[in-house]
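Given next are the chains, with one letter for each unit.
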Amino acid sequence: MTDQPIDAAAAPRPKRAKGPLIYRQSVFTRLTHWVWVLALFFLLLSGLQIWNAHPALYVGQQSGFEFDNAILRIGAENTDAGPRGYTVLFGNKFDTTGVLGMSGSASRPDYVGFPGWATIPSVRDLATGRVVHFFFGWILFGTLAVWLLASLVNGHLWRDVVLKPRDLRDLPGDIWAHLRFRFHHGRSYTPLQKLAYFVVLVVLFPLIILTGLAMSPTMNAGWPWLIEVFGGRQTARTLHFVAMLGLVLFFVVHIAMVLLAGPFNELRSMLTGYYRASPGTEPDSRRGRSNG
């Protein structure tokens, strides 16, 4: 009896080892996460509606059409080629026709900072935009307070958000691993994740809330010192806008990482709390789940 050659292509491939299914996200983390998604969506689009009322940013106390001290300005102007939209950033002028300053069709152009599809409401309605913005601003503030209290009680803030000396030592290696798309699915966040969440939850969220309050005349009457902390109303408005850009950048990177790291696993963790860890991770004996 002669030995028959084995077809390597037909041979069954060994199953890839699966890590344990662990309970990673608490109910407070999951609930606040989805409330923030909703609140930030409406805050961003209604905020652009408010910003369109005067599409320029300044530093200090003074602003207005008679001043030429804007660090960012979006508008439209007549040129030899017809009306054009433009954006001026730190004195550098860019043609942004079709997106910023001038959008819409050629027959019915809309001369506005951000186009209607990027604002709530989609038409010019400053009053409605302010109502929506203030409502979801308080939702953001209340949810952050709930998250902070729950995270202090269950240890989530100290365990998963605050950077430790070891995290700082491991941060360069973790950044290099992410650049090579090599992700480790563990029980706790990686140093780069901790840094990102710390910036968002401890820096950007408080900054955007406090700068928003500093622009409120009612808060100015009750807390007159708050506007001085930020160096004036216009500086507060600029910092508010910058914090918004930081949150948008985080959102884009966050979605990209979710897609690259495994969207089903990441989404499951934020819906059920359970997360498929990398092989070798210790099972979660507290929940009685190791593989599933």
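See the structure above.
Basis of the calculations
- Residues numbered from 1 in each chain as written.
- Predicted model: local features only at pLDDT ≥ 70, side-chain atom pairs only at ≥ 80, totals over all residues.
- Heavy atoms only, no water.
- Helix = DSSP H or I, 4+ residues; strand = E, 2+ residues; numbered from the N terminus.
- Buried < 20%, exposed > 50% of the residue type's maximum accessible area, 1.4 Å probe, protein only.
- Contact = heavy atoms within 4.5 Å.
- Phe/Tyr/Trp six-rings, centres within 6.5 Å; stacked < 30°, edge-to-face > 60°.
- Lys NZ or Arg CZ within 6 Å of the ring centre and 35° of its normal.
- Salt bridge = Lys/Arg side-chain N within 4 Å of Asp/Glu carboxyl O.
- Pairing = 2+ DSSP bridges.
- Patch = residues over 30% accessible without salt bridge, like charges linked within 9 Å, V, L, I, M, F, W, Y side chains within 5 Å.
- Areas by Shrake-Rupley, 256 points an atom, 1.4 Å probe, with all protein chains shown as cover.

Peer 1: Explanation requested: the overall build of the protein chain in the structure shown.
Peer 2: For the protein chain, the count of helices and strands is 9 helices and 8 strands. Looking at the protein chain residue by residue over its 292 residues, the buried ones come to 40%. In the protein chain, 62% of the contacts between residues at least 6 apart in sequence involve partners at least 24 apart.

Peer 1: Is there a simple way to think about the packing of aromatic side chains in this case?
Peer 2: The geometry of an aromatic ring pair is captured by two quantities: the separation of the ring centres and the angle between the planes. Applying the stated criterion to the full structure yields 12 aromatic pairs. For the pair Phe41 and Phe42, a centre-to-centre distance of 5.3 Å together with 90 degrees between the ring planes defines the contact as edge-to-face. Put simply, the rings of Phe41, Phe42, Phe135 and Phe136 touch in pairs and so form one group of aromatic residues. The side chain of Arg24 reaches across the aromatic face of Tyr275, ending 4.2 Å from its centre. It is Lys164 that lies over the ring of Trp158; its NZ or CZ is 4.6 Å from the centre.

Peer 1: Please clarify how the pattern of salt bridges should be interpreted in this entry.
Peer 2: Pairs can form between side chains of opposite charge once their charged atoms are near each other. Enumeration over the complete set of coordinates arrives at 6 salt bridges. Asp160 is the partner of Arg159 in a salt bridge, and the nearest nitrogen-oxygen pair spans 3.4 Å.

Peer 1: Got a minute to help me understand the sheet that holds strand S4 (residues 82-89) in this structure?
Peer 2: Whether parallel or antiparallel, the strands of a sheet pair through hydrogen bonds between backbone atoms. Spatially, S2-S3-S4-S5 is the arrangement adopted by the 4 strands of the open sheet, whose pairing is antiparallel. Two strands bound the open sheet, and with one partner strand each, they are strand S2 (56-57) and strand S5 (92-95). With 2 bridges connecting them, S2 and strand S3 (residues 72-79) associate as antiparallel partners. Among the inter-strand pairings, Ala56 is bridged to a residue of S3, identified as Arg73.

Peer 1: Mind showing me how you'd approach the side chain of His33 here?
Peer 2: Following the sequence through the fold, His33 ends up in helix H1 (residues 27-51). The buried category is assigned to His33, whose relative accessible area is 18%. Sequence-distant contacts of His33, defined by excluding residues within four places in its chain, comprise His254 and Met270.

Peer 1: Even after reading the chapter, I still don't get a nonpolar patch on the surface, so can you show me in this structure?
Peer 2: Nonpolar side chains collect at one region of the surface, where Val248, Phe251, Val252, Ile255 and Leu259 lie side by side and expose about 440 Å² of accessible area between them. Counting through the fold element by element, Phe251 comes out in helix H8 (residues 233-261).

None of the figures reported here should be taken as evidence of function without further support.
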